[in-house]
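# Observations on the model geometry
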Amino acid sequence: MTLCVESFIGHEDGGEGVKLEEQLYIRDDGRVELLSDYPFDPRLTA
């Protein structure tokens, strides 16, 4: 199964924000493989 996990961080009143997404592959045996290969900018995750 392929799963996309998204999060949005912004002000509750609207305006600009940041949306981060990870793509994951979940194998039949339960192991999870990260498909996203581009790292997040550390300034967006601090």
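Data block above holds the structure.
Presented here is an overview of the structure given in this document. (Residues numbered from 1 in each chain as written. Predicted model: local features only at pLDDT ≥ 70, side-chain atom pairs only at ≥ 80, totals over all residues. Heavy atoms only, no water.)

### Quick notes on the overall build of the protein
Keep this limit in mind: Going along the chain from the N terminus, every DSSP run of H or I of four or more residues is numbered as a helix, and every run of E of two or more is numbered as a strand. To sort residues, take the accessible area from a 1.4 Å probe on protein chains only and compare it with the maximum for the residue type: under 20% means buried, over 50% means exposed, and anything in between is partly exposed. Contact criterion: two residues are considered in contact whenever any of their non-hydrogen atoms come within 4.5 Å of each other. A residue counts as positive if it is Lys or Arg and as negative if it is Asp or Glu; His and the chain ends are not included. Where a charge sits is defined by one atom per residue type, namely NZ (Lys), CZ (Arg), CG (Asp) or CD (Glu).
Looking only at helices and strands, the protein features 1 helix and 3 strands. Summarising its shape, the C-alpha atoms of the protein cover approximately 40 × 20 × 15 Å along the three principal directions. Counting over 46 residues, the protein shows a buried share of 4%. Counting contacts in the protein only where the partners sit at least 6 residues apart, residues at least 24 apart contribute 11% of the total. The centroid of the 4 positive side-chain charges in the protein is displaced by 7 Å from the centroid of its 11 negative side-chain charges.

### Brief notes about the sheet that holds strand 3 (residues 32-34)
Selection rule: Here the rule is simple: two strands pair whenever DSSP picks up at least two bridges between them. Interaxial angles span 0 to 180 degrees and are taken between N-to-C directions of axes, which are lines fitted to C-alpha atoms, for helices over the stretch in contact.
Strand order in the open sheet made by the 3 strands is 1-2-3, with antiparallel pairing throughout. Taken across any chain shown, the strands that pair with only one partner, and hence form the sheet edges, are strand 1 (2-10) and strand 3. With strand direction ignored, the average angle separating the axes of adjacent strands in the sheet is 30°. Bridging between strand 1 and strand 2 (residues 17-26) involves 9 bridges; their strand directions are antiparallel.

### Quick look at the pairing of strand 2
Between strand 1 and strand 2, which pair antiparallel in sequence order, lie 6 residues; one of them, Gly14, sits at a positive phi of approximately 100°. Looking at chain direction, strand 2 and strand 3 are connected through 3 bridges and run antiparallel. Directly across from Tyr25, in strand 3, lies its bridge partner Glu33. Where strand 2 folds back on strand 3, the antiparallel hairpin that results is connected by 5 residues, among which Gly30 adopts a positive phi of roughly 95°.

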